Structure formats: C-alpha cells, structure tokens
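# Structure at a glance
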Amino acid sequence: QVQLVESGGGLVQPGGSLRLSCAASGIIFSTYAMGWYRQAPGKQRELVATITSGRSANVADSVKARFTIFRDNAKNTVYLQMNSLKPEDTAVYYCAAGRTVATIASSGSWGQGTQVTVSS
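We now turn to the structure provided with this report. Predicted model only: the values in this text are computed from it and were never measured.

Moving on, we get to the state of the cysteines. Disulfides are covalent bonds that connect the sulfur atoms of two cysteines. All told, the structure shown has 1 disulfide when counted by the stated rule. Disulfide pairing is shown between Cys-22 and Cys-95; the S-S distance is 1.9 Å. Across the disulfide from Cys-22 to Cys-95, rotation about the S-S bond amounts to roughly 45°, and the bridge is consequently right-handed. Note that Cys-22 is positioned in strand β3 (residues 18-25) and Cys-95 in strand β9 (residues 91-98), a separation of 73 residues in sequence. Neither Cys-22 nor Cys-95 differs from the other in exposure class; each is buried.

Here it is as structure tokens:
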C-alpha cells in the first residue's frame, strides 16, 4: 500500500519561499517517478513538476523560473522548493507516485495534500 505524506505548507507573504516535502512508504521509492500537483479553489488540478527515478526533472512553464523539484532516495522523500511565491500560487499541493511519469496522474497514489497560502 502506497502512502504519501506531504508537509511544509503554510501561510507565506508574496516573494517568500517554502519547501514542501512528500515522504513515501510502501514502495521502492528509488524506482518510482514522483510528481507535484496543485489545485486552487474553483480550478482543476494542475501539474506542477515531475521527477523520474533517474532524477530527470520537468517543471511547468508557469513556475519554471521559481520552483524546483528534487528527491532524496535515502529518505524516500521528494521535495518542491518554491521561491518568489505569488498569490496565484495559493492552492492545495499534492504529491503523487507512478512507475513512470506518464502513469503518475492515473496511478491512484496520492497524498492528502498540503495547503499553501500566499498573502500579505
């Protein structure tokens, strides 16, 4: 049974930074692709970033200059470093796991989400 637990969300002022963490269990973490998604109120869930088991990362164009995804296989954890945060980054952020990047969204392996609120 895959378990994914996100942490690190909170309230931050515009221009601030947060680092989200997602701790995984129940899988051989190093062999899985991981992804971060977000869902703002009234909007569909959108892909933020993915990272393959080989550490190849891809970040959505909308946040590419500000967000970084990386993983620590020794800790079974994937991170999302978010800098220069904007109010439009406010959303619930979810991590997800899949055997490949292409299967992350359909895998059914999702965390419970962590709220990020960017506001002054």
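Within the open sheet, the 4 strands sit side by side as β1-β3-β8-β7. Their pairing is antiparallel. Whereas interior strands pair on both sides, the edge strands pair on one side only; in this sheet they are β1 (3-7) and β7 (67-72). Looking at each pair of strands side by side, their axes are set apart by 15° on average, direction ignored. For β3 and strand β8 (residues 77-82), the ladder comprises 6 bridges, and the chain directions are antiparallel. The residue of β8 that forms the bridge with Leu-18 is Met-82.

This part takes up the nonpolar core. Counting residues in hydrophobic clusters, the biggest one holds 29 residues, and the most contacted among them are Met-34, Trp-36, Phe-67, Leu-80, Met-82 and Tyr-93. At the level of secondary structure, the elements contributing two or more residues to this core comprise β3, β4 (33-39), β5 (46-51), β7, β8, β9 and β10 (114-118).

Bringing the side chain of Thr-90 into the picture now. Inspection of the secondary structure assignment puts Thr-90 in the loop between β8 and β9. A polar side-chain atom of Thr-90 sits 2.9 Å from the main-chain carbonyl oxygen of Pro-87. A distance of 2.9 Å separates a polar side-chain atom of Thr-90 from the backbone nitrogen of Val-118. Excluding residues within four positions of it along the chain, Thr-90 makes contact with Ala-40, Gln-115, Val-116, Thr-117 and Val-118.

Calculation criteria
- Residues numbered from 1 in each chain as written.
- Predicted model: local features only at pLDDT ≥ 70, side-chain atom pairs only at ≥ 80, totals over all residues.
- Heavy atoms only, no water.
- Disulfide = S-S within 2.5 Å.
- Helix = DSSP H or I, 4+ residues; strand = E, 2+ residues; numbered from the N terminus.
- Buried < 20%, exposed > 50% of the residue type's maximum accessible area, 1.4 Å probe, protein only.
- Pairing = 2+ DSSP bridges.
- Axes fitted to C-alpha atoms, helices over the stretch in contact; angles between N-to-C directions.
- Core = buried A, V, L, I, M, F, W, Y, C linked by side-chain atoms within 4.5 Å.
- Polar contact = N/O pair within 3.5 Å; in protein donor to acceptor, adjacent residues only side chain to side chain.
- Contact = heavy atoms within 4.5 Å.

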